[in-house]
Amino acid sequence: MIINTENEGNIIILSLSGRLDTMHFPLVDKELASLIEKNNKEIVLDCKDLDYISSSGLRVLLKALKQMEAGKGRLTICNLQPQIAQIFKISGFDRLFEIYPAKKEAVASYL
Amino acid sequence: MAVYINHKDPASGDLVKILNKIPPCPGTCIFIDLVESTGIKYKKGVGHWGRLINNTFNFISILNDFPENIVKGIGDELMIYIPDEMLAKKESLTNHYSIIEELYSTLLNIKSFPAKNLFMDCKIAMHYCSNVYNITFLKGYNDYYGKDIDMAARLMSKSGKNRIVFSEAFYQKAKEDLLSLNIPEEYTCLAQKSELVSENFKGIPFPVVYRTIDA
């Protein structure tokens, strides 16, 4: 799992690459927790290079979403690969998150 | 695939010899049951019940990761058996720790899911089995028998809504995985484990030790 962070103004873009599973979810959990703790209110998760997500990965995203919403912030997701989009659909997570086809649209949603 | 056992001579001593020669098939046995499923069927109808079963089974990611390891299902209760040999060959979830972490996450995701009336809560029992054999008495079926399968089934009586009950044998396996992966237990679901409980179960001539995790 590789995590890259970049900024576009106040918007934080977290790019996830690899597999978000039981081996790697603590890394993403820690990174998201740190960003939320620093009071970042606008976070985009770019999943262009995310190949796999397991229940533990979904758990981390749900936890972050709830924390963001509690702090009046917004966590959005973009660039889901078809197999990840399918997991989001069957688990109902597509109804919980704002999902955009590309980073551009996700970023624009905050402007 | 299971060794098919079918001898026509009930007095044959050969069958016992054959059975004694079958090698054990160590692995993890998991029972998953949906809580209050029967009640929902009666109160809200089979259509609603079926929808919830469909949604919940889709949600339990381990069923998608190990489709060939679902041994049997009776309505809303499933038995899954994952031989160590198969676990090691998987692309993801290659160890015992990962199995329980995934199951715990599934329970937590269902419990925390913001929309209501889409899923059923689950209860789970797991045991690491040494005394288990991949045999079947029914042609064309895959099955597992052994003293440890009985123990896994007995543990289910100690589970409950959003709870995983797991034997100490399973915990030790998961702990070994964490050590070899250099993952501190405090970062995992095992940090939530209960104290060790020792209890006698019907038909098992010694106390069974187990722990629980509540999501």
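S.K.: Explanation requested: the overall build of chain B in the structure shown.
M.R.: When helices and strands are tallied, chain B shows eight helices and nine strands. Scaling as 2.2 N^0.38, a compact globule of 215 residues should have a C-alpha radius of gyration of about 17 Å, and chain B matches this with 18 Å. In terms of principal-axis extent, the alpha carbons of chain B reach across some 60 × 45 × 35 Å. Taking all 215 residues of chain B together, the buried fraction comes to 36%. Taking the intrachain contacts of chain B between residues at least 6 apart in sequence as the baseline, contacts between residues at least 24 apart amount to 69%.

S.K.: Please clarify how the nonpolar core should be interpreted in this entry.
M.R.: Core analysis: the largest hydrophobic core is formed by 54 residues, its most contacted members being B:Ile100, B:Tyr104, B:Ile124, B:Met126, B:Ala152 and B:Ile164. Counting residues per element, this core draws most heavily on helix H6 (residues 96–112) of chain B, which supplies eight residues. Apart from the residues lying within four places of it in its own chain, the contact partners of B:Ala152 are B:Cys29, B:Phe31, B:Ala125, B:Met126, B:His127 and B:Cys129. The next biggest cluster of nonpolar side chains, apart from the first, holds 33 residues, and it includes A:Leu20, A:Phe25, A:Ile36 and A:Leu45.

S.K.: Please clarify how the pairing of strand S7 (residues 163–167) of chain B should be interpreted in this entry.
M.R.: Residue and element names in this part refer to chain B. The buried count for S7 comes to four of five residues, which makes it a mostly enclosed element. Relative to strand S9 (residues 208–214), S7 is paired through five bridges, and the arrangement is antiparallel. Counted as the bridge partner of Arg163 is Asp214 from S9.

S.K.: Even after reading the chapter, I still don't get the interface of chain A and chain B, so can you show me in this structure?
M.R.: Accessible area lost on assembly of the parts is the figure often given for the size of an interface. Each side of the interface is counted separately: chain A has 16 residues, and chain B has 18 residues. Taken together, the elements giving at least two residues each to the side of chain A that touches chain B come down to helix H2 (55–70) and helix H3 (82–91) of chain A. Residues of the side of chain A that touches chain B, tallied by class, amount to six nonpolar, six polar and four charged.

S.K.: Quick question: what am I supposed to make of the environment of B:Asn109 here?
M.R.: Take B:Asn109: it is sitting in helix H6. You can call B:Asn109 buried: it has 24 C-beta atoms within 10 Å. Between the C-alpha atom of B:Asn109 and that of B:Ser98, which follows or precedes it by eleven residues, the distance is 16 Å. The contact partners of B:Asn109, leaving out residues within four places of it in the chain, are A:Ser55, A:Leu58, A:Arg59 and A:Leu62.

S.K.: How should I be thinking about the packing of helix H1 (residues 25–37) of chain A against H2(A) in this particular structure?
M.R.: Two measures define how a pair of helices packs: the angle their axes make with one another and the distance between the axes. Residue and element names in this part refer to chain A. Two elements in contact, H1 and H2, have axes whose closest approach is 9 Å; the angle formed by their N-to-C orientations is 5°. As summarised for this structure, H1 and H2 are arranged roughly parallel, according to the angle between their axes. Along its contact with H1, which presents Phe25, Val28, Asp29, Leu32 and Ile36, the element H2 presents Ser56, Gly57, Val60, Ala64, Gln67 and Met68. Its residues placed into classes, the contact of H1 with H2 shows seven nonpolar, three polar and one charged.

S.K.: Sorry if this is basic, but what is going on with the sheet that holds strand S4 (residues 74–78) of chain A here?
M.R.: All names here are of chain A. Taken in spatial order, the five strands make up an open sheet running S1-S2-S3-S4-S5, and their pairing is mixed. At either margin of the open sheet sits one strand with a lone partner, and together these are strand S1 (2–8) and strand S5 (98–100). Strand-to-strand twist of the sheet, defined as the mean angle between neighbouring strand axes without regard to direction, takes the value 25°. Sheet topology places strand S3 (residues 42–53) next to S4; five bridges connect them, and they run parallel. Looking at S4, one finds that Leu45 is bridged to Ile77.

S.K.: Can you help me understand the environment of A:Asp46 in this one?
M.R.: When you line up the elements, A:Asp46 lands in strand S3. If we ignore the near neighbours within four places in the chain, the residues touching A:Asp46 are A:Ile13, A:Leu14, A:Ser15, A:Cys78, A:Asn79 and A:Lys103.

S.K.: Explanation requested: the confidence of the model for chain B in the structure shown.
M.R.: Detail in the predicted coordinates should be disregarded across regions flagged by low pLDDT. Confidence in the prediction for chain B averages 93 pLDDT; 100% of positions are at 70 or higher. Model confidence for the complex is summarised by a pTM of 0.90, with the ipTM given as 0.81.

S.K.: I keep staring at the sheet that holds strand S4 (residues 77–83) of chain B and nothing clicks. Help me out?
M.R.: In sheet architecture, strand pairing relies on hydrogen bonds along the backbone and comes in two forms, parallel and antiparallel. All names here are of chain B. Strands sit in the order S3-S4-S2-S5-S7-S9-S8 across an open sheet of seven strands; the sheet is mixed. The open sheet has two free edges, formed respectively by strand S3 (70–74) and strand S8 (197–199), since each of these has just one partner strand. Shown here is a sheet whose adjacent strand axes are inclined to one another by a mean of 20°, direction ignored. Across eight bridges, strand S2 (residues 27–34) lies against strand S5 (residues 122–129) in antiparallel orientation. The residue bridging Leu34 from the neighbouring strand is Cys122, located in S5. Against the sheet, H6 makes contact with S2, S4, S5, S7 and S9, and its axis sits at roughly 175° relative to S5, the strand it touches most.

S.K.: Could you clarify how one ought to interpret the packing of H6(B) against helix H8 (residues 168–181) of chain B in this entry?
M.R.: Residues and elements named next belong to chain B. It is at 7 Å that the axes of H6 and H8 come closest, and there the two elements cross at 110°. One element, H6, and the other, H8, form an angle in the roughly perpendicular class. Here H6 contributes His96, Tyr97 and Ile100 to the contact with H8, which in turn contributes Phe170, Lys173, Ala174, Asp177 and Leu178. The class makeup of the residues in the contact of H6 with H8 is five nonpolar, one polar and two charged.

S.K.: Help me out: how do you make sense of unusual backbone geometry in this one?
M.R.: Negative phi characterises most residues that are not glycine, and trans characterises most peptide bonds. Even without being a glycine, A:Asn79 presents a positive backbone phi close to 60°. If you trace the backbone, A:Asn79 turns up in the loop between S4 and H3. Accessibility expressed as a C-beta count within 10 Å gives 22 for A:Asn79, which makes it buried. A positive phi angle, near 60°, is found at B:Asn117, a position not held by glycine. Counting through the fold element by element, B:Asn117 comes out in the loop between H6 and S5.

Parameters at a glance
All chains use their own residue numbering, which begins from 1 and follows the written sequence. Here chains are named by letter from A upward and ligands by number from 1 upward, in the order in which they appear as written. Restriction of local features to residues with pLDDT of at least 70 applies here, the model being predicted, together with a cutoff of 80 or more for giving and counting side-chain atom pairs; totals for whole chains, interfaces and linings are based on all residues. Per the convention used, a helix needs a DSSP run of H or I reaching at least four residues, while a strand needs a run of E reaching at least two, with both numbered from the N terminus. Throughout, the radius of gyration refers to the C-alpha atoms, and the reference size of a globule is 2.2 Å times the residue count to the power 0.38. To sort residues by burial, count the other C-beta atoms lying within 10 Å of each one's C-beta; a count of 20 or more means buried, 12 or fewer means exposed, and anything in between means partly exposed. C-beta atoms are built from the backbone. By the convention adopted here, residues make contact when the C-beta atoms placed from their backbones lie within 7 Å. Among buried residues, those of type Ala, Val, Leu, Ile, Met, Phe, Trp, Tyr and Cys that are joined through C-beta atoms within 7 Å form a set called a nonpolar core. Following DSSP output, two strands are said to pair if at least two bridges run between them. Ten residues, namely Ala, Val, Leu, Ile, Met, Phe, Trp, Tyr, Cys and Pro, are considered nonpolar, four, namely Asp, Glu, Lys and Arg, are considered charged, and the remaining ones, Gly among them, are considered polar. Angles run from 0 to 180 degrees between N-to-C directions of axes, and those axes are lines fitted to C-alpha atoms, restricted for helices to the stretch in contact. Any angle that falls under 35 degrees is termed roughly parallel, while one over 145 is termed roughly antiparallel, one within 65 to 115 roughly perpendicular, and all others oblique. The pLDDT value expresses, per residue, how confident the predictor is, ranging between 0 and 100.

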